[in-house]
Amino acid sequence: MRPALDVADIFRAHGPAWRQAQAGHISRDQFKVMSAIEACRTAALGGHVERCEDCDHVQIAYNSCRNRHCPKCQGAAAQRWLEAREAELLPLAYYHVVFTLPAQIGDIAFQNKAVVYGALFKAASQTLLTIAADPKHLGARIGLTAVLHTWGSALTHHPHVHCIVPGGGLSPDGQRWISCKPRFFLPVRVLSRLFRRLFLDRLADAHAEGRLVFYGALAGLADRAAFTSRLAPLRRVEWVVYAKRPFAGPQAVLAYLARYTHRVAISASRLVRMDEAGVTFHWKDYRQDGAARRKTMTLAPAEFIRRFLIHVLPSGFHRIRHYGLFANSTRAATLAKARALLDAPAPAPATDTSPDTDPATPAITCPCCGGRMILVEIFERGHSPCTGPTRSAFGIDSS
(Lines give C-alpha, C1' and ligand atoms only; values in the text may rest on other atoms or scores of the structure.)
Protein backbone atom coordinates (compact mmCIF):
# COMPACT_ATOMS: atom_id res chain seq x y z
CA MET A 1 0.00 0.00 0.00
CA ARG A 2 1.36 3.39 -0.99
CA PRO A 3 2.13 5.68 1.98
CA ALA A 4 0.14 8.88 2.34
CA LEU A 5 3.34 10.92 1.92
CA ASP A 6 6.84 10.09 0.76
CA VAL A 7 10.04 11.97 -0.04
CA ALA A 8 9.21 11.95 -3.76
CA ASP A 9 6.01 13.93 -3.08
CA ILE A 10 8.03 16.60 -1.26
CA PHE A 11 10.62 16.77 -4.02
CA ARG A 12 7.98 17.03 -6.75
CA ALA A 13 6.09 19.77 -4.93
CA HIS A 14 9.03 21.88 -3.78
CA GLY A 15 12.09 20.60 -5.66
CA PRO A 16 11.86 22.92 -8.70
CA ALA A 17 11.80 26.07 -6.54
CA TRP A 18 14.60 24.72 -4.34
CA ARG A 19 16.80 23.89 -7.33
CA GLN A 20 16.25 27.37 -8.75
CA ALA A 21 17.11 29.01 -5.42
CA GLN A 22 20.22 26.83 -5.05
CA ALA A 23 21.46 27.20 -8.64
CA GLY A 24 25.23 26.97 -8.60
CA HIS A 25 25.30 25.46 -5.12
CA ILE A 26 23.75 22.03 -5.67
CA SER A 27 26.19 19.26 -6.55
CA ARG A 28 25.82 16.94 -9.52
CA ASP A 29 25.32 13.97 -7.17
CA GLN A 30 22.54 15.77 -5.29
CA PHE A 31 20.83 16.76 -8.52
CA LYS A 32 20.91 13.15 -9.75
CA VAL A 33 19.42 11.89 -6.48
CA MET A 34 16.58 14.41 -6.61
CA SER A 35 15.79 13.54 -10.22
CA ALA A 36 15.87 9.79 -9.53
CA ILE A 37 13.57 10.01 -6.51
CA GLU A 38 11.10 12.27 -8.35
CA ALA A 39 10.94 9.87 -11.30
CA CYS A 40 10.85 6.65 -9.27
CA ARG A 41 7.86 4.43 -10.08
CA THR A 42 6.37 6.87 -12.55
CA ALA A 43 5.90 6.75 -16.31
CA ALA A 44 9.19 8.66 -16.62
CA LEU A 45 11.03 5.37 -16.06
CA GLY A 46 8.67 3.12 -18.03
CA GLY A 47 7.21 -0.09 -16.75
CA HIS A 48 4.87 -2.90 -17.69
CA VAL A 49 1.22 -3.92 -17.62
CA GLU A 50 -0.09 -7.13 -16.07
CA ARG A 51 -3.44 -8.83 -16.53
CA CYS A 52 -5.05 -11.51 -14.39
CA GLU A 53 -5.60 -14.79 -16.22
CA ASP A 54 -8.86 -15.39 -14.35
CA CYS A 55 -10.73 -12.10 -13.89
CA ASP A 56 -8.98 -9.86 -16.47
CA HIS A 57 -8.03 -7.33 -13.81
CA VAL A 58 -5.31 -5.05 -15.26
CA GLN A 59 -2.69 -3.11 -13.35
CA ILE A 60 0.31 -0.96 -14.21
CA ALA A 61 3.68 -1.45 -12.52
CA TYR A 62 6.15 1.39 -12.99
CA ASN A 63 9.90 0.84 -12.81
CA SER A 64 11.92 1.93 -9.81
CA CYS A 65 14.97 4.20 -9.97
CA ARG A 66 17.21 1.86 -7.90
CA ASN A 67 19.08 4.84 -6.54
CA ARG A 68 20.69 3.93 -3.21
CA HIS A 69 19.36 7.13 -1.61
CA CYS A 70 15.75 6.47 -2.61
CA PRO A 71 13.61 5.36 0.36
CA LYS A 72 11.38 3.22 -1.88
CA CYS A 73 14.14 1.23 -3.56
CA GLN A 74 16.18 -0.19 -0.71
CA GLY A 75 13.97 -3.09 0.40
CA ALA A 76 14.85 -5.43 -2.47
CA ALA A 77 18.53 -4.45 -2.37
CA ALA A 78 18.66 -5.14 1.36
CA GLN A 79 17.03 -8.53 0.93
CA ARG A 80 19.54 -9.65 -1.69
CA TRP A 81 22.44 -8.45 0.45
CA LEU A 82 21.08 -10.20 3.54
CA GLU A 83 20.71 -13.51 1.73
CA ALA A 84 24.42 -13.39 0.92
CA ARG A 85 25.34 -12.50 4.51
CA GLU A 86 23.15 -15.21 6.05
CA ALA A 87 25.43 -17.92 4.68
CA GLU A 88 28.42 -16.23 6.34
CA LEU A 89 27.11 -16.04 9.91
CA LEU A 90 29.04 -17.98 12.55
CA PRO A 91 27.27 -19.72 15.48
CA LEU A 92 28.42 -17.37 18.23
CA ALA A 93 27.66 -14.04 19.87
CA TYR A 94 28.00 -10.90 17.75
CA TYR A 95 28.74 -7.44 19.10
CA HIS A 96 27.71 -3.99 17.91
CA VAL A 97 30.22 -1.15 18.21
CA VAL A 98 29.51 2.42 17.04
CA PHE A 99 32.24 4.98 16.26
CA THR A 100 31.04 8.60 16.08
CA LEU A 101 32.85 11.70 14.85
CA PRO A 102 32.72 14.78 17.11
CA ALA A 103 30.43 17.59 16.00
CA GLN A 104 33.50 19.81 15.45
CA ILE A 105 34.52 17.56 12.56
CA GLY A 106 31.10 17.73 10.88
CA ASP A 107 31.62 20.82 8.73
CA ILE A 108 35.04 19.58 7.58
CA ALA A 109 33.47 16.22 6.73
CA PHE A 110 30.67 17.84 4.74
CA GLN A 111 33.13 19.66 2.49
CA ASN A 112 35.36 16.56 2.15
CA LYS A 113 32.99 13.61 2.26
CA ALA A 114 35.04 10.98 0.45
CA VAL A 115 38.25 11.72 2.38
CA VAL A 116 36.72 12.12 5.85
CA TYR A 117 34.25 9.25 5.59
CA GLY A 118 37.03 7.07 4.22
CA ALA A 119 39.23 8.03 7.18
CA LEU A 120 36.35 7.21 9.53
CA PHE A 121 36.04 3.71 8.07
CA LYS A 122 39.76 3.07 8.21
CA ALA A 123 40.25 4.43 11.73
CA ALA A 124 37.30 2.48 13.12
CA SER A 125 38.29 -0.81 11.49
CA GLN A 126 41.98 -0.42 12.36
CA THR A 127 41.03 0.33 15.96
CA LEU A 128 39.02 -2.87 16.33
CA LEU A 129 41.57 -5.03 14.51
CA THR A 130 44.50 -3.61 16.52
CA ILE A 131 42.96 -3.84 19.99
CA ALA A 132 41.55 -7.32 19.29
CA ALA A 133 44.98 -8.53 18.14
CA ASP A 134 46.63 -7.27 21.35
CA PRO A 135 47.32 -10.26 23.67
CA LYS A 136 46.35 -8.04 26.63
CA HIS A 137 42.79 -8.01 25.31
CA LEU A 138 41.75 -10.78 22.90
CA GLY A 139 44.89 -11.74 21.01
CA ALA A 140 43.01 -12.78 17.88
CA ARG A 141 42.43 -11.83 14.26
CA ILE A 142 38.81 -10.76 13.99
CA GLY A 143 36.44 -9.82 11.19
CA LEU A 144 33.86 -7.05 11.00
CA THR A 145 31.24 -5.48 8.80
CA ALA A 146 31.01 -1.68 8.95
CA VAL A 147 28.05 0.45 7.80
CA LEU A 148 28.25 4.23 7.42
CA HIS A 149 25.38 6.45 8.56
CA THR A 150 25.68 10.22 8.23
CA TRP A 151 22.45 11.39 9.85
CA GLY A 152 20.87 11.96 13.20
CA SER A 153 17.16 11.40 13.78
CA ALA A 154 16.41 15.04 12.92
CA LEU A 155 18.30 14.70 9.59
CA THR A 156 21.25 16.68 10.95
CA HIS A 157 24.79 15.80 9.86
CA HIS A 158 26.02 13.13 12.29
CA PRO A 159 28.62 10.81 10.71
CA HIS A 160 29.11 7.48 12.49
CA VAL A 161 29.95 3.89 11.64
CA HIS A 162 28.07 0.83 12.92
CA CYS A 163 30.35 -2.21 13.23
CA ILE A 164 29.05 -5.76 13.59
CA VAL A 165 31.75 -8.04 15.02
CA PRO A 166 31.70 -11.74 16.01
CA GLY A 167 32.79 -12.36 19.60
CA GLY A 168 36.13 -13.91 18.82
CA GLY A 169 38.67 -14.60 16.13
CA LEU A 170 41.47 -16.78 14.85
CA SER A 171 44.66 -17.17 16.83
CA PRO A 172 47.75 -15.59 15.23
CA ASP A 173 48.85 -18.98 13.87
CA GLY A 174 45.34 -19.71 12.59
CA GLN A 175 45.08 -22.99 14.48
CA ARG A 176 42.62 -22.02 17.24
CA TRP A 177 39.45 -20.03 17.67
CA ILE A 178 39.73 -17.57 20.54
CA SER A 179 36.44 -16.42 22.07
CA CYS A 180 35.98 -13.19 24.01
CA LYS A 181 34.70 -13.11 27.58
CA PRO A 182 30.96 -13.66 27.94
CA ARG A 183 29.04 -10.42 27.29
CA PHE A 184 32.27 -8.41 26.99
CA PHE A 185 34.13 -7.78 23.78
CA LEU A 186 36.77 -5.03 24.08
CA PRO A 187 37.25 -2.08 26.50
CA VAL A 188 35.44 0.99 25.19
CA ARG A 189 37.85 3.55 26.63
CA VAL A 190 40.82 1.88 24.96
CA LEU A 191 38.92 1.75 21.67
CA SER A 192 37.94 5.41 21.98
CA ARG A 193 41.46 6.72 22.52
CA LEU A 194 43.03 4.71 19.71
CA PHE A 195 40.20 5.68 17.37
CA ARG A 196 40.73 9.37 18.22
CA ARG A 197 44.46 9.18 17.50
CA LEU A 198 44.15 7.18 14.30
CA PHE A 199 41.44 9.39 12.84
CA LEU A 200 43.11 12.70 13.67
CA ASP A 201 46.44 11.45 12.32
CA ARG A 202 44.76 10.42 9.07
CA LEU A 203 43.01 13.78 8.82
CA ALA A 204 46.29 15.64 9.41
CA ASP A 205 48.00 13.53 6.76
CA ALA A 206 45.21 14.26 4.28
CA HIS A 207 45.67 17.99 4.89
CA ALA A 208 49.44 17.76 4.46
CA GLU A 209 48.96 15.88 1.18
CA GLY A 210 46.55 18.50 -0.15
CA ARG A 211 43.57 16.13 -0.27
CA LEU A 212 41.26 18.42 1.72
CA VAL A 213 39.45 21.45 0.30
CA PHE A 214 37.89 24.32 2.23
CA TYR A 215 35.56 27.09 1.15
CA GLY A 216 33.20 29.62 2.65
CA ALA A 217 33.57 30.02 6.40
CA LEU A 218 36.20 27.25 6.47
CA ALA A 219 38.50 28.75 3.83
CA GLY A 220 41.05 29.72 6.48
CA LEU A 221 41.64 26.06 7.36
CA ALA A 222 43.66 25.66 4.18
CA ASP A 223 46.51 27.12 6.27
CA ARG A 224 48.38 24.29 8.01
CA ALA A 225 48.77 26.16 11.30
CA ALA A 226 45.09 27.10 11.43
CA PHE A 227 44.07 23.51 10.69
CA THR A 228 46.38 22.12 13.37
CA SER A 229 44.99 24.62 15.87
CA ARG A 230 41.44 23.57 14.94
CA LEU A 231 42.22 19.90 15.68
CA ALA A 232 44.28 20.44 18.85
CA PRO A 233 41.33 20.59 21.32
CA LEU A 234 39.89 17.39 19.85
CA ARG A 235 42.98 15.47 20.94
CA ARG A 236 42.16 16.20 24.58
CA VAL A 237 38.46 15.28 24.77
CA GLU A 238 36.82 11.88 24.93
CA TRP A 239 35.37 10.58 21.68
CA VAL A 240 32.17 8.57 21.63
CA VAL A 241 32.60 4.86 21.04
CA TYR A 242 29.53 2.90 22.05
CA ALA A 243 29.53 -0.86 22.53
CA LYS A 244 26.04 -2.31 22.73
CA ARG A 245 25.07 -5.57 24.39
CA PRO A 246 25.65 -8.66 22.23
CA PHE A 247 22.92 -9.73 19.86
CA ALA A 248 20.64 -12.58 20.91
CA GLY A 249 21.99 -15.03 18.35
CA PRO A 250 22.94 -14.84 14.66
CA GLN A 251 19.35 -14.34 13.50
CA ALA A 252 19.14 -11.18 15.59
CA VAL A 253 22.20 -9.96 13.69
CA LEU A 254 20.35 -10.45 10.42
CA ALA A 255 17.29 -8.64 11.77
CA TYR A 256 19.47 -5.71 12.77
CA LEU A 257 21.30 -5.63 9.45
CA ALA A 258 17.95 -5.68 7.64
CA ARG A 259 17.10 -2.40 9.37
CA TYR A 260 20.47 -0.70 9.08
CA THR A 261 22.48 -1.68 6.01
CA HIS A 262 20.33 -0.04 3.34
CA ARG A 263 18.64 2.62 5.45
CA VAL A 264 18.43 6.17 4.06
CA ALA A 265 18.20 9.44 5.96
CA ILE A 266 14.43 9.22 6.41
CA SER A 267 11.74 6.73 5.39
CA ALA A 268 8.12 7.37 4.47
CA SER A 269 7.00 5.79 7.74
CA ARG A 270 8.42 8.78 9.64
CA LEU A 271 6.69 11.42 7.50
CA VAL A 272 3.50 12.83 9.03
CA ARG A 273 2.22 15.51 6.66
CA MET A 274 3.12 18.29 4.22
CA ASP A 275 1.06 21.47 4.46
CA GLU A 276 1.40 25.25 4.56
CA ALA A 277 3.41 24.97 7.81
CA GLY A 278 6.03 22.77 6.15
CA VAL A 279 7.05 19.11 6.33
CA THR A 280 6.33 17.36 9.63
CA PHE A 281 8.05 14.11 10.60
CA HIS A 282 8.74 11.93 13.63
CA TRP A 283 12.15 12.00 15.28
CA LYS A 284 13.76 10.72 18.47
CA ASP A 285 15.30 13.01 21.05
CA TYR A 286 17.91 10.74 22.64
CA ARG A 287 18.36 13.18 25.51
CA GLN A 288 14.94 12.07 26.76
CA ASP A 289 13.81 8.70 28.07
CA GLY A 290 10.65 6.69 27.51
CA ALA A 291 7.69 8.12 25.65
CA ALA A 292 9.14 11.65 25.81
CA ARG A 293 11.85 10.58 23.38
CA ARG A 294 9.44 10.34 20.44
CA LYS A 295 8.67 13.81 19.04
CA THR A 296 7.58 15.54 15.85
CA MET A 297 9.42 18.29 14.01
CA THR A 298 8.23 20.64 11.28
CA LEU A 299 10.71 22.09 8.79
CA ALA A 300 10.21 24.47 5.91
CA PRO A 301 10.25 22.42 2.68
CA ALA A 302 13.50 24.02 1.57
CA GLU A 303 15.19 23.11 4.86
CA PHE A 304 13.83 19.56 4.71
CA ILE A 305 15.24 19.12 1.20
CA ARG A 306 18.58 20.62 2.26
CA ARG A 307 18.86 18.27 5.24
CA PHE A 308 17.96 15.23 3.16
CA LEU A 309 20.52 16.04 0.48
CA ILE A 310 23.46 16.65 2.82
CA HIS A 311 23.48 12.85 3.24
CA VAL A 312 24.03 12.11 -0.45
CA LEU A 313 27.27 10.17 -0.73
CA PRO A 314 29.93 10.77 -3.39
CA SER A 315 29.47 8.69 -6.52
CA GLY A 316 31.13 5.28 -6.16
CA PHE A 317 31.63 5.56 -2.41
CA HIS A 318 30.94 2.25 -0.62
CA ARG A 319 28.92 2.65 2.57
CA ILE A 320 29.14 -1.04 3.57
CA ARG A 321 32.64 -2.47 3.99
CA HIS A 322 34.20 -5.67 5.32
CA TYR A 323 37.52 -5.99 7.14
CA GLY A 324 39.82 -8.57 8.70
CA LEU A 325 38.46 -12.10 8.41
CA PHE A 326 35.54 -10.73 6.39
CA ALA A 327 37.65 -8.92 3.79
CA ASN A 328 36.31 -9.76 0.35
CA SER A 329 39.58 -11.24 -0.95
CA THR A 330 39.89 -13.89 1.78
CA ARG A 331 36.40 -14.16 3.26
CA ALA A 332 35.47 -17.60 1.89
CA ALA A 333 38.71 -19.24 3.07
CA THR A 334 38.77 -17.65 6.53
CA LEU A 335 35.10 -18.38 7.20
CA ALA A 336 35.63 -22.03 6.22
CA LYS A 337 38.58 -22.15 8.63
CA ALA A 338 36.51 -20.57 11.40
CA ARG A 339 33.66 -23.03 10.91
CA ALA A 340 36.06 -25.94 11.09
CA LEU A 341 37.55 -24.70 14.36
CA LEU A 342 34.08 -24.02 15.79
CA ASP A 343 32.85 -27.41 14.59
CA ALA A 344 30.03 -25.60 12.81
CA PRO A 345 28.26 -27.02 9.74
CA ALA A 346 28.96 -25.52 6.37
CA PRO A 347 26.20 -23.28 5.00
CA ALA A 348 23.61 -24.92 2.81
CA PRO A 349 24.47 -24.63 -0.88
CA ALA A 350 22.55 -22.02 -2.80
CA THR A 351 19.60 -23.51 -4.62
CA ASP A 352 19.26 -23.02 -8.34
CA THR A 353 16.60 -20.56 -9.29
CA SER A 354 14.77 -20.11 -12.55
CA PRO A 355 13.17 -16.88 -13.73
CA ASP A 356 9.86 -18.22 -12.41
CA THR A 357 11.21 -18.90 -8.91
CA ASP A 358 13.79 -16.15 -8.47
CA PRO A 359 13.03 -14.62 -5.04
CA ALA A 360 14.06 -11.21 -6.34
CA THR A 361 11.19 -11.35 -8.85
CA PRO A 362 8.36 -13.20 -7.11
CA ALA A 363 5.17 -14.15 -8.92
CA ILE A 364 2.50 -11.44 -8.71
CA THR A 365 -1.01 -12.51 -7.71
CA CYS A 366 -4.19 -10.70 -8.59
CA PRO A 367 -5.39 -8.37 -5.79
CA CYS A 368 -8.99 -9.10 -6.79
CA CYS A 369 -9.19 -12.88 -7.06
CA GLY A 370 -5.72 -14.21 -6.24
CA GLY A 371 -5.18 -15.48 -9.77
CA ARG A 372 -1.88 -15.31 -11.65
CA MET A 373 -0.95 -12.01 -13.24
CA ILE A 374 0.70 -12.28 -16.66
CA LEU A 375 2.75 -9.71 -18.54
CA VAL A 376 0.82 -8.16 -21.43
CA GLU A 377 2.77 -4.99 -22.25
CA ILE A 378 6.11 -3.29 -21.66
CA PHE A 379 6.37 0.45 -22.18
CA GLU A 380 9.53 2.54 -22.43
CA ARG A 381 10.70 5.53 -20.41
CA GLY A 382 8.58 8.60 -20.85
CA HIS A 383 5.73 6.69 -22.50
CA SER A 384 2.32 5.73 -21.21
CA PRO A 385 0.93 2.21 -21.53
CA CYS A 386 -1.60 1.46 -24.26
CA THR A 387 -3.56 -0.74 -21.86
CA GLY A 388 -5.39 1.11 -19.08
CA PRO A 389 -5.56 -0.28 -15.53
CA THR A 390 -8.77 -1.41 -13.91
CA ARG A 391 -7.32 -0.40 -10.55
CA SER A 392 -4.22 1.61 -9.69
CA ALA A 393 -1.23 -0.52 -8.80
CA PHE A 394 1.30 2.21 -8.35
CA GLY A 395 4.09 1.25 -6.00
CA ILE A 396 4.72 -2.27 -7.30
CA ASP A 397 8.41 -2.49 -8.08
CA SER A 398 8.80 -4.08 -11.48
CA SER A 399 12.47 -3.43 -11.98
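Conventions we followed
Residues numbered from 1 in each chain as written. Predicted model: local features only at pLDDT ≥ 70, side-chain atom pairs only at ≥ 80, totals over all residues. Heavy atoms only, no water. Helix = DSSP H or I, 4+ residues; strand = E, 2+ residues; numbered from the N terminus. Expected span 1.5 Å × (residues − 1). Buried < 20%, exposed > 50% of the residue type's maximum accessible area, 1.4 Å probe, protein only. Arc of directions from axis to C-beta. Pairing = 2+ DSSP bridges. Axes fitted to C-alpha atoms, helices over the stretch in contact; angles between N-to-C directions. Parallel < 35°, antiparallel > 145°, perpendicular 65-115°, else oblique. Left-handed = near helix turned anticlockwise from the far one by under 90°. Contact = heavy atoms within 4.5 Å. Nonpolar A, V, L, I, M, F, W, Y, C, P; charged D, E, K, R; others polar. Polar contact = N/O pair within 3.5 Å; in protein donor to acceptor, adjacent residues only side chain to side chain.

1. Some details on helix α10 (residues 331–342)
The end-to-end C-alpha distance of α10 is 16 Å, a good match for the 16 Å that twelve residues give at a rise of 1.5 Å each. All of the buried residues along α10 are Arg331, Thr334, Leu335, Ala338 and Arg339. The buried side chains of α10 occupy one side of the element, clustering within an arc of 140 degrees when seen end-on. For α10, the exposed residues lying more than 90 degrees away from the buried face are Ala332, Ala333 and Ala340.

2. Points about the pairing of strand β4 (residues 143–151)
Most of β4 is tucked away, with nine of its nine residues classed as buried. Two elements, β4 and strand β12 (residues 320–324), share five bridges in a ladder whose sense is antiparallel. Along β12, the bridge assignment pairs Val147 with Ile320. In the sheet, β4 pairs with strand β5 (residues 157–166) via six bridges, with the strands oriented antiparallel. By the bridge assignment, His149 is partnered in β5 with His160. In textbook terms, the turn of a hairpin is the stretch between consecutive antiparallel strands, and for β4 and β5 this stretch comprises five residues, one of which, Leu155, has a positive phi near 70 degrees.

3. Focus: the packing of helix α2 (residues 28–39) against helix α9 (residues 301–309)
For the pair α2 and α9, interaxial distance at closest approach is 11 Å and the crossing angle is 115 degrees. The angle between α2 and α9 falls in the class roughly perpendicular. The handedness of the crossing between α2 and α9 comes out as right-handed. Along the contact surface, α2 presents Gln30, Val33, Met34 and Ile37, while α9 presents Ile305, Phe308 and Leu309. The class makeup of the residues in the contact of α2 with α9 is six nonpolar, one polar and no charged.

4. Here's the deal with the sheet that holds strand β13 (residues 373–379)
Pairing is antiparallel in the open sheet, where three strands are placed in the order β2-β1-β13. The two strands at the open ends of the sheet, each matched to only one other strand, are β2 (58–62) and β13. On average, each strand axis in the sheet is inclined to that of its neighbour by 25 degrees, with strand direction left out of account. Of the pairings in the sheet, the one linking strand β1 (residues 47–52) to β2 comprises five bridges and is antiparallel in character.

5. Some points on the side chain of Thr334
Residue placement: Thr334 occurs in helix α10. According to the relative accessible area criterion, Thr334 is buried, its value standing at 14%. In terms of polar contacts, Thr334 uses its side chain to reach the backbone carbonyl oxygen of Leu325, at 2.6 Å. Only 3.2 Å separates the side chain of Thr334 from the backbone oxygen of Arg331, close enough to count as a polar contact.

6. Regarding the sheet that holds strand β11 (residues 294–299)
Within the open sheet, the three strands sit side by side as β9-β10-β11. Their pairing is antiparallel. Sheet topology places β9 (271–275) and β11 at the edges, where each strand pairs with a single neighbour. Averaged over all adjacent pairs, the angle separating strand axes in this sheet is 20 degrees, with direction ignored. In this structure, strand β10 (residues 278–284) lies alongside β11, joined through six bridges in antiparallel fashion. Along β11, the bridge assignment pairs Lys284 with Arg294. Its contacts with the sheet place α9 against β9, β10 and β11, and it is angled at close to 115 degrees to β11.

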